[in-house]
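Observations on the model geometry
Residue strings, one per chain:
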Amino acid sequence: SFERAMAGQITPAPNLADTSFASIPSSCYQSLAVSHGVEVDWSALGVDGGRRSRQPRGGESEARLSLDQFLNRSGKKYASGLSSPLTAWHCCSRLSAYLAWGHISLRTVVRATAKRQAELRAKRKSSDDHEQE
């Protein structure tokens, strides 16, 4: 039962030095610190982009900042960059954790997206009108 499973001792996470990473050379992971908020040197693993934060920072203001960044900058390349592990980091919304943990609501995302779409359509229409003159 659940109660019996929870009564047992919790096994700690394995130490990187004790873990087998299949075909990844040990030089790539031995120096990586894997704890909350610590930066990982992704270039040591052959991933372009240098240092990236392992985890997003929590809170509604950070969630809204990520949404704004996606709608106004990184989302421009979403369709073409999503499928590549080299570009996906910069093209995705990075909103999954914020949505999953309730830092931002789906309603907020949908409304902001609709508003941004309307702005872009109006801008495109204005641009088209000026070209026809």
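These figures come from a predicted structure and were not determined experimentally.

This brings us to the nonpolar core. Ala63, Leu67, Phe70, Leu71, Leu95, Tyr98, Ile104 and Val109 together form the largest nonpolar core, which totals 8 residues. A total of 4 residues in this core trace back to one element, the largest contributor, which is helix H3 (residues 60-72). Sequence-distant contacts of Phe70, that is, excluding residues within four places in its chain, are made with Gly75, Tyr78, Cys91, Cys92 and Ser93.

Take Arg116: it is sitting in helix H7 (residues 106-132). According to the relative accessible area criterion, Arg116 is buried, its value standing at 18%. A polar contact is formed between the side chain of Arg116 and the backbone oxygen of Leu71, at a distance of 3.1 Å. Each residue touching Arg116, except ones within four places of it in the same chain, is listed here: Leu71 and Asn72.

A few words on H3. In an α-helix, one turn spans 3.6 residues; hence positions three or four apart end up facing the same way. Here H3 is 13 residues long and its end C-alpha atoms lie 18 Å apart, about the 18 Å a rise of 1.5 Å per residue gives. Every buried residue of H3 is accounted for by Ala63, Ser66, Leu67, Phe70 and Leu71. When H3 is viewed along its axis, its buried side chains cluster within an angular range of 125 degrees and face the same direction. The secondary structure elements touched by the buried residues of H3 are helix H4 (78-81), helix H5 (88-91), helix H6 (96-100) and H7.

The next point concerns H7. The first and last C-alpha atoms of H7 sit 39 Å apart over 27 residues, in line with the 39 Å expected at 1.5 Å per residue. The complete set of buried residues in H7 reads Thr108, Val109 and Arg116. For H7, the secondary structure elements touched by its buried residues are H3 and H6.

Moving on to the pattern of salt bridges. In total, this model carries 2 salt bridges according to the counting rule given. The closest approach of N and O atoms between Glu60 and Arg64, which form a salt bridge, is 3.1 Å. In this pair, Glu60 and Arg64 both sit in helix H3, 4 residues apart, roughly one turn of the helix. For Glu60, a relative accessible area of 46% gives the class partly exposed. Under the relative-accessibility criterion, Arg64 is labelled partly exposed at 43%. In this structure, the salt-bridge partner of Arg116 is Glu119, at a minimum N-O distance of 3.3 Å. Taken together, the residues Arg116 and Glu119, both in helix H7 and 3 residues apart, mark about one turn of the helix. Of the residues examined, Glu119 reaches a relative accessible area of 39% and is grouped as partly exposed.

About the thresholds
- Residues numbered from 1 in each chain as written.
- Predicted model: local features only at pLDDT ≥ 70, side-chain atom pairs only at ≥ 80, totals over all residues.
- Heavy atoms only, no water.
- Core = buried A, V, L, I, M, F, W, Y, C linked by side-chain atoms within 4.5 Å.
- Buried < 20%, exposed > 50% of the residue type's maximum accessible area, 1.4 Å probe, protein only.
- Helix = DSSP H or I, 4+ residues; strand = E, 2+ residues; numbered from the N terminus.
- Contact = heavy atoms within 4.5 Å.
- Polar contact = N/O pair within 3.5 Å; in protein donor to acceptor, adjacent residues only side chain to side chain.
- Expected span 1.5 Å × (residues − 1).
- Arc of directions from axis to C-beta.
- Salt bridge = Lys/Arg side-chain N within 4 Å of Asp/Glu carboxyl O.

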